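Topology and contacts: notes
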Amino acid sequence: YWRDWSSDVCSSDLVVHHVVALPGNQGYLITGDLETNTNNRNFLLQTDTNGRRVWGKFYRDFIEFYSWGNIILPSPSGVFLVGMTFNDTISNQEITVSFLDTAGNLRWSRRMGNVFEDDEAFSALPMNNHGLLLCGYSRGYINSGSEFSLICTDSLGFPQWCAVYGSLLDEEGLKLVPDQH
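Quick summary incoming for the structure in this document. What you see is a predicted model, and the numbers here were worked out from it, not measured in a lab.

So, the overall build of the protein
- Tallying secondary structure elements over the protein gives one helix and twelve strands in all.
- When its helices and strands are written in sequence order, the protein yields α-β-β-β-β-β-β-β-β-β-β-β-β.
- By the burial criterion, 44% of the 181 residues in the protein qualify as buried.
- A separation of at least 24 residues holds for 38% of the contacts in the protein among residues at least 6 apart in sequence.
- Of the accessible surface of the protein, which amounts to about 9,700 Å², a share of 50% is contributed by carbon and sulfur atoms.

Next up, the structure:
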């Protein structure tokens, strides 16, 4: 199944970043990238519960990214993908939040973070406003190292607020845990 889906790039280097089970026994979503001699193409693949391809899509040229889809959060109308984009214009990395519908079509993509420094999200949770709460790090707000950051988005990925915590040392937020109450 995999060979049929990626037959045009069999000699390329395939890297899988993340796999998540879909709710309701609907199969799996897999993100990653194909590194070729000329460029990188990122992919999203949905399989059934037996690993057979339901659909697969390659994404190229809408953003240059290293780990897009590092975090996958399924929703009833699609999937949120959170990762990091490298911005060649200002030579830094930014947090990227994208939303794809249930067929894998990109509906929107947003970049956020400190404009002149690096930012990355390591964990995300859905919020009551249908947005996301992200945690990770930002650089350059408090010192030249990394600071723990929280960002809350609305349902379209626009940041609603951001909080940064740090000291003279490096801090990073690695995991958000849902409230069990």
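Details of the packing of aromatic side chains
- Enumeration over the complete set of coordinates arrives at four aromatic pairs.
- An aromatic cluster is built from Phe80, Phe99 and Trp108, whose rings are joined through pairwise contacts.
- Note that Arg110 overlies the ring of Phe158, its terminal NZ or CZ placed 4.1 Å from the centroid.

Structural notes on the nonpolar core
- Within the largest apolar cluster, 14 residues are counted, with the highest numbers of intra-cluster contacts made by Phe80, Val82, Ile95, Val97, Leu132 and Leu134.
- Contributions of two or more residues to this core are made by strand 5 (71-75), strand 6 (78-87), strand 7 (92-101), strand 8 (106-112), strand 9 (119-126) and strand 10 (132-139).
- Counting residues per element, this core draws most heavily on strand 7, which supplies three residues.
- In terms of nonpolar packing, the next biggest core, distinct from the first, is built from nine residues, Val20, Trp55, Val79 and Leu81 among them.

Cut-offs used in this document
Residues numbered from 1 in each chain as written. Predicted model: local features only at pLDDT ≥ 70, side-chain atom pairs only at ≥ 80, totals over all residues. Heavy atoms only, no water. Helix = DSSP H or I, 4+ residues; strand = E, 2+ residues; numbered from the N terminus. Buried < 20%, exposed > 50% of the residue type's maximum accessible area, 1.4 Å probe, protein only. Contact = heavy atoms within 4.5 Å. Areas by Shrake-Rupley, 256 points an atom, 1.4 Å probe, with all protein chains shown as cover. Phe/Tyr/Trp six-rings, centres within 6.5 Å; stacked < 30°, edge-to-face > 60°. Lys NZ or Arg CZ within 6 Å of the ring centre and 35° of its normal. Core = buried A, V, L, I, M, F, W, Y, C linked by side-chain atoms within 4.5 Å.

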